[in-house]
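If you want the building blocks of each chain, they are given just below.
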Amino acid sequence: MTKLLLCLITLGNNAFAATLPVAGTDIAKSWDAVYWFLVYLSLVFFVGIVAAMVWFAIRYRKEKNRKPKYIHGHTGLEVIWTVIPTILLFVCFGWGWAVYQDMIHAPANAMEVHVIGKQWSWQFVYKNGTSVTNDLYVPVNRPVKLIMSSEDVLHAFFIPNFRVKSDVVPGMYTSVWFEAKLPGIHQVYCTEYCGTVHSGMLARLIVLTDDQWKDWLSGKKIDVDSLPADPTFPGYRANRLGEGMPEAVAGSTGGQKQLTLADKGKAVVTAKACIACHSVDGSKMVGPSYKGLYGREEKVVANGKTITVKADDNYIRESIENPLAKVVEGYPPSMPPYKGQLSEEEILSVIEYIKSLK
Amino acid sequence: MAHTSSAHGSNYLNHSHGIKSWLTTLDHKRIGLMYFVVIMMMFLLGGIFALLVRWELFAPGLQFFSSPDKYNQAFTYHGAIMVFMVVIPLIPAAIGNCVLPMQLGAKDVAFPRWNLISYYVYILGATIAAATLFINQVDTGWTFYAPYSIRTGTSTTLVLLGAFIMGFSSILTGLNFIVTVHKLRAPGLTWDRLPLFIWAVYATSIIQVLATPVLAITLLLLVLERTIGIGIFDPKLGGDPVLFQHFFWFYSHPAVYIMVLPAMGVISDVIPAFSRKPIFGYKAIAAATFGIALVAFVVWGHHMFVSGQSEFANFVFSFLTMLVAVPTGVKVFSWIATMYKGSLRLDTPMLYAFGFLFVFTIGGLTGVFLAVVSTDVHLTATYFVVAHFHYVMVGGTLLAFLAGLHYWFPKFSGKMYNEGPARLASWLIMIGFNVTFFPQFILGALGMPRRYADYLPQFTSLNQVSTVGSWFLGVGFLIVLVNIILAIRNGKPAGDNPWGALTLEWQAPSPPPHENFFHEPVVTEGPYEYRGEKALMGGNA
Amino acid sequence: MAHSTGSVTHLERHHAHHFKTAHEEFEACKQGMWIFLVTEVLFFAGMFMAYAVLRVLYPDMMKAAHQLLDWKKGALNTVILITSSLTMALAVSAAQRGEKQKIIRYLWMTLICAGGFMVVKYFEYAHKIHEHILPGALYQYKELTMAKVPLFLSVYFVMTGIHGLHVLIGMGVIYWLIRRASRNEFGPSYFTPVEITGLYWHFVDLVWIYLFPLLYLVS
């Protein structure tokens with residue numbers, strides 16, 4: 001009898017647990033803790049409310065209780081059911097916020113990959129210049145930060161197994177980060193409606209072991225089909241639209257020979273004559289030098305006032321597209337706007353180049 | 001209570017004759033009925049799209065539609081019709097128009113002519129929007145997010161204009177109700193004696209008046225964006241698509257409360273009448289109604305936790321959103337407590353009230369999952385959200401509407417419907433609803449995104465359960481419709497006050513005369529003072 | 001029904017029968033207009049928000065772009081509208097006293113001011129259209145090519161356009177009041193339409209008082 005009961009509990013528990021995807025990162029596990037807390041808290045309230053309702057419907061129906069009691073309220077009770085839920089809600093809020101902090105703040109050593117969403121595919125661009133469509137290769141046990149933008153309309157990048165999601169917006173950068181713990185293939189969805197093939201805008205997140213990662217970096221082909229399938233749905237293959245083969249940005253195919261993203265950025269700043277005003281060695285010209293710029297706190301003039309901003313991706317993008325919005329203190333507001341003159345990939349390659357000039 | 005309607009002969013239905021007398025009527029009850037008829041037609045249309053959407057999702061790949069575009073259009077029309085043309089006007093414009101002046105003891109609303117104009121404005125807007133079905137279908141989703149909505153299908157502009165025009169109808173109705181509540185209350189009907197339905201519609205009207213103009217300007221800007229390219233929301237022209245979302249949700253979040261507050265008002269009237277007890281905590285419920293209306297204006301950003309808005313904004317909006325749950329909880333607890341030691345009549349309106357409590361509690365609790373930022377990140381834009389808002393809007397608003405329909409039908413038709421089919425339908429709708437939407441919570445938690453024409457095969461079985469549920473739901477609604485039509489044709493006379501309810505509309509004959517009351521009612525106590533003999537009446541069960 | 005027809009003079013006019021007294025009806029109409037004006041405030045607030053966002057994000061652009069506007073014409077229009085508000089107030093007080101000729105005279109003066117406002121607006125618009133100083137994608141003015149300037153013009157045209165539409169609607173209503181006043185419909189016992197049109201007109205005026213410095217005098 002006890003055995004049967006235990007068996008049933010285990011079965012129930014497993015069935016319950018199967019309503020969430022596997023937790024593919026440590027943060028996903030702490031996310032799950034918040035989620036299950038909310039589920040059980042909700043169950044307590046729901047069962048209580050429905051039980052009271054059903055009990056009253058049976059106990060106090062007309063046939064059983066002809067004379068109702070004349071009651072208007074009960075202040076004590078009302079205070080209790082206002083105060084206790086308020087406290088519980090702020091527990092939910094606080095815990096949820098703490099986990100959210102971990103979810104959005106990537107560690108400084110995170111490996112960065114650029115993501116470009118477009119109708120209807122995902123392009124993943126690595127620092128070494130490799131660009132892959134609809135397959136995102138990352139190493140296991142290493143923090144990875146995705147820096148994302150869109151070429152056309154809104155998209156959203158969603159990895160259920162890691163509990164991360166962010167809109168991908170044209171004209172600005174958003175990011176998600178994760179440290180994958182489970183090698184194998186994980187499903188990626190677009191979750192912001194983007195037109196005809198929205199439901200086909202899928203990608204595979206391919207988490208490689210250290211050895212596989214070295215192989216992939218050196219240009220060896222990975223036999224993706226032999227990797228473990230998405231652990232959430234063991235019986236099914238993860239899906240992606242189209243062919244997901246790596247393609248080289250600069251036209252060459254030999255892994256190491258292609259231009260890195262930073263090299264490509266260097267070519268862009270040369271071709272567009274950015275280096276006529278911005279030095280790459282720290283010397284002061286018409287504009288600030290690129291050297292050591294990325295991540296620095298800069299005093300800038302905006303709205304006639306001096307404020308301090310961090311020279312991050314969004315700031316550099318803004319300074320390329322609309323340079324006069326925030327001019328670094330001590331420099332003339334003379335740079336022309338480059339909005340619409342650079343492709344998404346060119347902008348992020350320039351940012352990458354600036355990052356490389358430490 | 002000796003007289004019945006038949007003793008008087010003349011009522012608002014036979015007061016004047018002919019189609020023209022209806023189309024030009026200034027009688028709030030007739031206008032309410034005309035709203036009811038048109039909204040039901042729109043509900044049928046939106047419902048057909050819903051069934052098609054569910055049919056398409058019965059299996060992966062395409063079943064019904066010839067292309068994903070057709071599916072995208074179907075969910076767009078389903079959403080836009082249900083939100084703008086059905087759920088927003090449903091209770092305020094249809095039930096509110098009939099009931100509000102009568103509960104106040106007034107002869108009509110403050111501005112009867114504007115009331116009729118607002119009806120035709122609604123018809124005009126709905127016609128323009130629905131006409132696009134035959135021209136060039138729209139596929140933006142009901143949220144019209146830029147920049148997709150700037151670039152897609154030409155007739156999107158017409159739908160935007162239609163929604164813009166319907167906004168004026170909503171504003172006029174709200175304005176009319178506010179002034180009516182202020183100026184036309186019967187002698188003795190002080191603010192602390194107002195029925196909670198009035199409080200709810202009054203709070204709703206304030207939201208309509210304050211939030212709808214912001215939607216109007218947003219839609220207008222989007223129309224200009226599409227026609228001449230003003231660029232404010234278009235990143236290609238230097239604009240900001242996230243700004244559109246802020247504008248849109250500044251209206252559309254309060255709009256959620258335009259939908260649900262009147263529903264709560266109906267429930268607050270039904271539960272005491274069928275429990276034969278005063279409502280538990282009248283003041284707390286009225287205050288909670290206003291608390292919700294107030295907080296409604298400062299929580300729009302919780303729709304945008306993953307939109308790229310700042311971390312600080314997420315903190316503030318998540319924090320404030322928590323505050324919505326408190327007054328909502330107060331209401332639910334108070335309704336349950338009203339039943340305690342009552343003498344419960346389990347007639348159809350009360351069955352729907354039970355259904356409302358069951359479903360709305362789930363809708364409210366799952367709302368907390370979406371208010372906590374971290375859990376929202378995973379769950380937003382998945383079927384979890386779809387399930388959540390259907391639990392609130394369909395489960396909440398529609399079930400409360402059905403409760404109200406079965407509650408006030410005898411008053412405004414003078415006839416009683418057949419109780420058997422009505423109860424059968426209420427069970428079918430309850431079961432169908434939960435079978436349709438509960439699996440969607442699990443689908444969403446597992447990661448299935450919303451607005452997907454096609455899905456991965458691992459989601460098949462839950463989707464099939466959901467689709468089968470939608471059929472039960474459809475059959476349930478059909479039974480309600482047929483039962484109501486049959487009752488209008490040959491229902492038994494209902495009597496003036498079949499439920500023994502105490503709000504003023506029940507003091508008038510059924511159906512009420514042209515100007516509602518033969519003698520202006522005088523109010524001497526609150527609306528739910530069920531005691532002594534009055535506590536023992538009511539219910540045909 | 002009990003609403004007035006052309007032949008009824010103000011002394012005989014009955015209030016709508018769902019109100020108890022004429023005063024109650026007057027109070028209701030006035031409250032209705034106030035609520036409508038609240039709606040209008042929120043309607044314009046949307047555009048003021050868009051303006052504020054641009055102003056905070058791109059202050060230099062706003063400073064440069066506002067020089068495309070002619071502040072002298074704007075100032076002239078401000079004076080015209082303030083004058084019209086004054087004549088409107090005089091018309092309302094004349095209506096309260098039932099002085100038919102004065103009502104009509106002041107309403108005509110208000111109408112002429114409103115017309116003058118629209119004429120000045122016409123010259124402003126015509127000049128900008130000629131120079132291709134236009135909103136968003138239509139902007140083709142070669143002298144100022146700074147980024148985001150077209151957005152300023154989008155805000156300018158939408159705000160002043162919608163405000164102008166309000167002026168035009170107001171002109172129609174004022175003309176309708178003149179017609180009714182000449183039929184002797186207004187007097188101490190009934191002047192509701194003049195009173196609430198007055199409220200509307202002051203609101204339209206007030207919006208301009210905000211628009212003028214925000215758009216023409218950015219500094």
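Above: the structure in question.
Here's what I pulled together on the structure shown here. (Residues numbered from 1 in each chain as written. Chains lettered and ligands numbered in written order. Predicted model: local features only at pLDDT ≥ 70, side-chain atom pairs only at ≥ 80, totals over all residues.)

Side note on the packing of helix H3 (residues 71–97) of chain C against helix H4 (residues 100–131) of chain C
Residues and elements named next belong to chain C. Relative to each other, H3 and H4 sit at 165°, their axes nearing to 8 Å. The angle between H3 and H4 places the two elements in the roughly antiparallel class. Of the two elements, H3 crosses H4, and the hand of that crossing is left-handed. Taken together, the residues of the contact of H3 with H4 break down into 17 nonpolar, six polar and four charged. (Axes fitted to C-alpha atoms, helices over the stretch in contact; angles between N-to-C directions. Helix = DSSP H or I, 4+ residues; strand = E, 2+ residues; numbered from the N terminus. Parallel < 35°, antiparallel > 145°, perpendicular 65-115°, else oblique. Left-handed = near helix turned anticlockwise from the far one by under 90°. Nonpolar A, V, L, I, M, F, W, Y, C, P; charged D, E, K, R; others polar.)

A few points about the interface of chain B and chain A
Listed as interface residues are 77 residues of chain B and, on the opposing side, 73 residues of chain A. Within the residue set of the side of chain B that touches chain A, elements represented by two or more residues are helix H3 (68–104), helix H8 (241–275), helix H10 (311–339), helix H11 (348–371), helix H12 (373–379) and helix H14 (419–445) of chain B. Among the elements that line the side of chain B that touches chain A, the one with the most residues is H10 of chain B, at 13 residues. Grouping the constituent residues of the side of chain B that touches chain A by class yields 47 nonpolar, 21 polar and nine charged. (Contact = placed C-beta atoms within 7 Å.)

Structural notes on the environment of Ile162 of chain C
Residues and elements named next belong to chain C. Relative to the assigned elements, Ile162 resides in helix H5 (residues 149–182). We classify Ile162 as partly exposed; it has 15 C-beta atoms within 10 Å. For the pair Ile162 and Phe44, spaced 118 residues apart in sequence, the C-alpha separation works out to 8.8 Å. (Buried ≥ 20, exposed ≤ 12 C-beta atoms within 10 Å, placed from the backbone.)

What to know about the interface of chain B and chain C
Taken together, the contacts link 32 residues of chain B with 27 residues of chain C. Elements with a minimum of two residues in the side of chain B that touches chain C: helix H6 (156–183), helix H7 (196–227) and H8 of chain B. Per-element accounting of the side of chain B that touches chain C gives the leading share, nine residues, to H7 of chain B. Classifying every residue of the side of chain B that touches chain C by side-chain character gives 23 nonpolar, six polar and three charged.

Topic: the sheet that holds strand E6 (residues 155–159) of chain A
Residue and element names in this part refer to chain A. What the five strands build is an open sheet, ordered E4-E10-E9-E6-E7; its pairing is mixed. Looking at strand neighbours, the two that pair on one side only are strand E4 (135–139) and strand E7 (164–168), the edges of this open sheet. Ignoring which end each strand starts from, the neighbouring axes of this sheet average 25° apart. Alignment of E6 against E7, held across five bridges, turns out to be antiparallel. Opposite Phe157, over in E7, you have Ser166 as the bridge partner. (Pairing = 2+ DSSP bridges.)

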